[in-house]
Every structure is written in C-alpha cells, then in structure tokens.
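For reference, the chains in residue letters:
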Amino acid sequence: MYKIAVLPGDGIGAEITPEAVKTLKAIEKRFGNSFEFTEALVGGTAYDAVGHPLPDETLELCKKSDAILLGAIGGPKWDDLPVELRPEVGALLPLRKELDLFANLRPCVLFPGLIGASTLKEEVIEGVDILVVRELTGGLYFGEKSREKTADGGQKATDILSYSTYEIERIVRFAFNAARKRNKKLCSVDKANVIETSRLWRETVTDLAKEYPDVELTHMYVDNCAMQLIRNPKQFDVIVTENMFGDILTDEASMLTGSIGMLPSASIGGEVGLYEPSHGSAPDIAGQSKANPLATILSAAMMLRFSFDLEEEAKLIEDVVRNIMKEGYRTPDLMEKGKTLVNTVQMGDLIAERILKS
Ligand code: NAD
C-alpha cells in the first residue's frame, strides 16, 4: 500500500490533478497495486479556507505519505498578500525546504506525434530528449529578502543569492549519476563570468568531474544556454543548473515538447518525493476544461518510477501518452489542423481507458 498525498492547489490544479489520480487508479486496477489517496489543501485555496497557504495538517500529511502529487498554486487573487502568505513563497518553497527536495528533475522529451505542435522547426526538435536537473532548495528564491526606503524617496529591494559547496556538490553528483544512466553528457549552466556563486558552482563541478571520467562535461553560460536550447537542442543530454536558471530555462525548453502542458517534474532528495507539472496554475484558462493534464499524468509516472520503483507501470503510462498523441487527440494548447480536440477530462478518460485495455 503506497500512501499518496494529493494537493490539487489553485487554478487548473483542481482540474489536472483528478486526471492524474484517475490514471493511477487505472494502474492500480491493471497491475493490482494498492494506492491510498488523501487530499489536502494548499496554496491560495488553503489561505481562503484556513488563513495559511501551507496548513500544518497538509505538511504533516505530506511528511507521513510515501509521495506527493501536486497540481499548481498561485493566482492573481493572492498576489497582493504579505509575502509570507503568498502561495508560492508561503507554501511551495517551505514544502520543498521542509522535505529537503533539493533535486528537481524535468525531462524534456518530444513525443513523435507532437512535432507539428511546436513553434520550432521539425529538423531542430525531432528526437529531443533532455533531462534538466535543477537545484531546488537554494539560491535566490530562498535568500533573505528586504526592502528599505532610500534618501530620494524611492525604495531599495534586495534578494540574497548564496550557494555553499555542499549544496552544489549534492545536486551536481545527482546530475553526474543521471548522465551515467543516459548518454554520459553533462552540461553545467552558470554565469561564472559575472556572479560569484556561479564561480564557486563552476569550480565545484570541475572538481567533481574527476570522479566521473566517463561523463563528458561542458560548462555553458546561462544566456548562451537560453540561445542554444532553441538553436540546437539536440546537443544536450543532461543539464544541471541552479534554482532560478533552471526555472527559466525549463519554461523555455517546454516549447521543444510542443507545450508547457507536456513537461512533468519530480522533486526528490528527501524521504518523500513530490511530483508536479512544471507549469503554474494558468489562471487564464482555469475552470474551462482547456488545461492539458498530461504533464501531471507524466509526473504521476515519475512518481511510480522514482518513489515506488514501479518501472513497468511508469512506462505503460508514458507509452499510452505517446500512442494517444500519435492518434491525434489534442487539448487546445497542442491543437493543430486535422487533429481531434478533447478537453481535460476527456484526455484523462482516454489515458485511463487505454491503460485498462493494455
Ligand atoms: P503558468 O505556467 O501558469 O501559465 C503560463 C501559460 O501557459 C499560460 O498561458 C497558461 O494558460 C499556459 N499553460 C500552463 N499550463 C498549461 C496546461 N497544463 N495546459 C495548457 N496551457 C497551460 O504561468 P504564469 O501565468 O506565469 O503563472 C500563473 C500562476 O501560477 C502564478 O500565480 C504563478 O506564481 C504560479 N506558478 C505556480 C507554479 C507551481 O505551482 N509550481 C509554477 C509556476 C507558476
């Protein structure tokens, strides 16, 4: 029996999470596994209900679960709350920190049926398969923040960016090991020409590389990487980078897959893994059944693989998604001429149905 905490959150989170649960229930039936789902409040929805975006009960539930499935949090309704009560700062960051989820894995894979859905040329993206390993519990997002008034009547805002050797080493080791299981190429992304934390990052990576002579290591500045991802994404196998660079580069990389609605993620490192799509709560399409649930469904597949070691089950979900894309079913974000438009629930139904029939 695997205990799964389900935190739908805000906006489209409430629409996509049930489709991932539906998928896991189909897996349960098909393979005879046993999952216990317990839902809890998080984000703006939790703030509205109990006055805090990460209620104690939610954190407790997460700590005693085997894995967490999260939808997305945040939205304009909660943007003007004091910083510590804003969903992202008050819930997502502490959840990552409390559970020591320092490694965020974002596989960026183009499913063959989706070549036409991307805005990029076929020859550039065909065969793209990149794993981005993003540091998730350090850097600018977790640094001290402050504001002060200035003599000219304006304000000065400060965010502190810091990384220790220990923090860099543990994520980079993770990335080297991941590269070993793939094509043995690791690109470390930093801004070592300007930023001191990046200089320490590069020195640490270079030192560690001596332990991994079988992995080909390159270093790249983040601005160049942003350009190279669009120019020639197939040069990358595994990318490792710090928190904010990883956040930005993976949104960019999502377009190599056709839509940000296709990019899953796994946040691991501590005892409990957290699985969530790479996108946010998409307030612009929330409540309209237009959201693509596949990033969340593929995150559930990562949960089966990384938290429960259920490789066959994980692979079946990925194969079913691949086949459904080939057959031409599309949520609006991926829609092209000649394809079949489906809504969020219909996409989830198709996945569950195919799992049961497989
Ligand atoms: P977003 O990722 O929510 O949306 C960006 C664009 O992508 C929007 O046009 C949206 O409609 C589209 N999109 C996103 N997911 C989609 C899906 N599954 N299917 C189809 N289209 C999809 O980013 P944003 O608009 O910058 O942020 C909205 C809110 O989400 C903000 O409050 C932000 O802080 C929050 N956010 C939360 C997380 C998280 O929960 N991990 C991550 C990023 C942003």
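Just so you know, these numbers come straight off a predicted model, no measurement behind them. (Residues numbered from 1 in each chain as written. Predicted model: local features only at pLDDT ≥ 70, side-chain atom pairs only at ≥ 80, totals over all residues. Heavy atoms only, no water.)

(A) Quick look at the site of the ligand. In the vicinity of the ligand lie 20 residues, with I73, E88, G280, A282 and D284 positioned nearest. A distance of 2.8 Å is found between an oxygen atom of the ligand and a backbone nitrogen or oxygen belonging to G280. At 2.8 Å, a side-chain N or O of D284 approaches an oxygen atom of the ligand. For the ligand, whose unbound accessible area comes to 810 Å², protein coverage reaches 69%. (Near = heavy atom within 4 Å. Polar contact = N/O pair within 3.5 Å; in protein donor to acceptor, adjacent residues only side chain to side chain. Areas by Shrake-Rupley, 256 points an atom, 1.4 Å probe, with all protein chains shown as cover.)

(B) Layout of the UniProt feature "binding site: substrate" (unreviewed entry) in the protein chain. Taking the numbering used here, the UniProt-annotated feature "binding site: substrate" (unreviewed entry) corresponds to R96, R106, R134 and D223. The greatest C-alpha distance among the annotated residues, which extend across 128 residues, is 26.6 Å, indicating that they are dispersed rather than converging on a single site. Lining of the second largest pocket among the annotated residues: R96, R106 and R134. Take R96: it is sitting in helix α4 (residues 87-98). Sequence-distant contacts of R96, defined by excluding residues within four places in its chain, comprise L101, R134, L136, T137 and E276. (UniProt positions renumbered as here; feature names shortened; annotations may be inferred. 1 Å grid on protein atoms, 1.4 Å probe; cavity = no way out; pocket = protein on both sides within 12 Å on 5 of 7 lines; lining within 4 Å. Helix = DSSP H or I, 4+ residues; strand = E, 2+ residues; numbered from the N terminus. Contact = heavy atoms within 4.5 Å.)

(C) Representation of the packing of aromatic side chains within the structure. All told, the structure shown has seven aromatic pairs when counted by the stated rule. Aromatic pair Y2 and F308: ring centres 4.0 Å apart, planes at 15 degrees, arrangement stacked. Of this pair, Y2 sits in strand β1 (residues 2-9) while F308 is found in the loop between α10 (294-306) and α11 (311-327), placing the two residues 306 residues apart along the sequence. One aromatic cluster is present, formed by Y2, F35, F37 and F308 through successive ring pairs. (Phe/Tyr/Trp six-rings, centres within 6.5 Å; stacked < 30°, edge-to-face > 60°.)

(D) A look at the pairing of strand β9 (residues 216-221). Across six bridges, strand β8 (residues 185-190) lies against β9 in parallel orientation. Bridge pairing in β9 links D190 to Y221. For the handedness criterion, the β-α-β arrangement of β8, helix α7 (residues 196-209) and β9 is classed as right-handed. (Pairing = 2+ DSSP bridges. Right-handed = clockwise from strand over helix to strand, strands pointing away.)

(E) A look at empty space enclosed by the protein. Counting across every chain of the model gives one cavity of 30 Å³ or more. Looking at the largest cavity, its volume works out to about 30 Å³. Surrounding the largest cavity, Y163, V189, D190, T197, S198, W201, E242 and F245 form its lining. Counting only elements with at least two residues in the lining of the largest cavity, the list comes to β8 and α7. The element that contributes the greatest number of residues to the lining of the largest cavity is α7, accounting for three residues. By residue class, the composition of the lining of the largest cavity is four nonpolar, two polar and two charged. (Points joined across faces, edges and corners; volume = space filled by probe spheres on them. Nonpolar A, V, L, I, M, F, W, Y, C, P; charged D, E, K, R; others polar.)

(F) Here's a closer look at the domain arrangement of the protein chain. Domain annotation of the protein chain identifies domain 1 (1-103 + 259-358) and domain 2 (119-257). Each of domain 1 and domain 2 has a C-alpha centre, and the two are 24 Å apart. Contacts between the two partners involve 14 residues from domain 1 and, on the opposite side, 14 residues from domain 2. Between domain 1 and domain 2, a total of about 1400 Å² is buried, with carbon and sulfur atoms accounting for 68% of that surface. Of all residues in domain 1, L93, F102 and L263 bury the most surface against domain 2, accounting for 38% of the area lost on that side. (Domains from an automatic or database assignment. Buried area = accessible area lost by both parts, 1.4 Å probe.)

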